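Chains, contacts and geometry: an overview
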Amino acid sequence: MRFISPKVDYAFKKIFGSEQSKEILISFLNAIIYGGEKVIQSLTIVNPYNPGQVLSLKDTYLDVKAVLADGSIVVIEMQIASMAAFNKRVAYNLAKAYSNQLVKGEDYPLLNPAIAVTITDFILFKETEEVVNKFVFKEETKQFKCIGDELRLIFVELPKFKKRLSELKGLTDKWLYFLKEAAMLEDIPDTLGEVSEIELALNLASQANMTVEEFEIVDRRGMMLQDEKGRLAYAEEKGRQEGRQEGRQEGRQEGRIQQTIALVMRQLKKRFGEIPAELSAQVENLSLSELETLTEAILDFNSLEDLSSWLEERKAPRQ
């Protein structure tokens, strides 16, 4: 038995955001938000997983959104690689979830608390070794809460979780282990299987229970995310080396461009085979921002004609 990795956002959506995932999500949120206490008893998944949709929609669809019994809104996101202004993106998504509760003319008392649970496969806070970190609005000096728990940010940093299977203690440990190590398992360990919701999550993550279409989507998305993560890591390392050698920003920028070109060409060849020289030359002449946009646009291309049309819209040479 093999399992897909929950760290791939498509897989995460299937496991935690499907119609049959309600009990899974309740257990997971109780583990992460409330340290394993059974505070959440029921919830509604607002945007359930639909395998027909994930073919065309982008990252915002892959977040899992739920409304708790008390009306609180929870937005759960899996992020495998860092990105520019990531902290602002998280803050924006939380603020949007909170403000979108009201339509024009409605009163503020109708607002319910909003919680953003962000799981990352990279380090965010070097100041602490804690895997789960929780934030609310507090007065800077006295540290008392300003608006209670109306807006909460909760971060889970998977690289900080180091426990082995034999070292797992409570519900939180077991869910963290599931998130980080599920793809490495060959069967359901007793330690995890004794939690019925984790057993159900592993069954949803089993490759044997997926359609060919679902597996291809997850596999393709996983490769692209790993490519992106590798590209960022390589670009950062190359930038550091060039910075030490030259002390100039230009070297790092050009290195990122060349790596991004290589990533784009690899993605295109995986999708469509050999790429005509004319199209390759146009791709190599794109700016860095256009190349990064193209890495996402490729997901929606069905043929090389789509690529050609996309390039025709961007004829300006790279500066």
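In this text, all values refer to a predicted model and were calculated from it rather than measured experimentally.

**Some details on the sheet that holds strand β3 (residues 73-79)**
- With mixed pairing, 6 strands are arranged side by side in an open sheet as β1-β2-β3-β4-β6-β5. The open sheet has two edge strands with one neighbour each: β1 (43-45) and β5 (132-135). Within this sheet the neighbouring strands show an average axis-to-axis angle of 20°, counted without direction.
- Where helix α1 (residues 9-17) meets the sheet, it contacts β1, β2 (64-68), β3 and β4 (114-120), and its direction lies at approximately 25° from that of β2.

**A closer look at unusual backbone geometry**
- Although it is not a glycine, Q143 sits at a positive phi angle of roughly 65°.
- Looking at where Q143 falls in the secondary structure, it is placed in the loop between β5 and β6 (151-157).

**Considering the pairing of β3**
- Counted residue by residue, β3 has 7 buried out of 7 residues, so it is predominantly covered.
- Side chains I73, V75, E77 and Q79 project from β3 onto one buried face, and the interleaved V74, I76 and M78 project onto a second face that is buried too.
- Inspection of the sheet shows β2 paired to β3 by 4 bridges, in the antiparallel sense. Note that in β3 the partner of A66 across the bridge is V74.
- Between the end of β2 and the start of β3, which pair antiparallel, lie 4 residues, with G71 showing a positive phi angle near 95°.
- Of the strand pairs in this sheet, β3 and β4 are connected by 7 bridges, and their pairing is parallel. The residue bridging I76 from the neighbouring strand is V117, located in β4.
- This β-α-β element, β3 to helix α4 (residues 86-99) to β4, shows right-handed connectivity.

**Some details on helix α12 (residues 304-312)**
- The set of residues buried in α12 consists of L307, W310 and L311. Down the axis of α12, the buried set is contained in an arc of 95°. They therefore lie on one face.

**As for the pattern of salt bridges**
- This model, assessed by the stated rule, comprises 7 salt bridges.
- The closest approach of N and O atoms between D121 and K7, which form a salt bridge, is 3.6 Å. With D121 in the loop between β4 and β5 and K7 in the segment before α1, this pair connects stretches of sequence that are 114 residues apart. You'll find D121 and K7 in the same group, each marked buried.

**Notes on the packing of aromatic side chains**
- By the definition in use, this model includes 10 aromatic pairs.
- Measuring from ring centre to ring centre gives 5.6 Å for F28 and W175, while their planes differ by 80°; the resulting arrangement is edge-to-face. Of this pair, F28 sits in helix α2 (residues 22-34) while W175 sits in helix α5 (residues 171-181); the two residues are 147 residues apart in sequence, bridging distant segments of the chain. For the pair F28 and W175, one class covers both residues: buried.
- Centre to centre, the rings of W175 and F178 are 5.4 Å apart; their planes meet at 90°, and the pair counts as edge-to-face. Here W175 and its partner F178 are both found in helix α5, 3 residues apart, which amounts to about one turn of the helix. Across the pair, F178 and W175 agree in class, each one buried.
- Clustering of aromatic rings is evident, with ring pairs tying together F12, F16, F28, W175 and F178.

The rules behind each value
Residues numbered from 1 in each chain as written. Predicted model: local features only at pLDDT ≥ 70, side-chain atom pairs only at ≥ 80, totals over all residues. Heavy atoms only, no water. Pairing = 2+ DSSP bridges. Helix = DSSP H or I, 4+ residues; strand = E, 2+ residues; numbered from the N terminus. Axes fitted to C-alpha atoms, helices over the stretch in contact; angles between N-to-C directions. Contact = heavy atoms within 4.5 Å. Buried < 20%, exposed > 50% of the residue type's maximum accessible area, 1.4 Å probe, protein only. Right-handed = clockwise from strand over helix to strand, strands pointing away. Arc of directions from axis to C-beta. Salt bridge = Lys/Arg side-chain N within 4 Å of Asp/Glu carboxyl O. Phe/Tyr/Trp six-rings, centres within 6.5 Å; stacked < 30°, edge-to-face > 60°.

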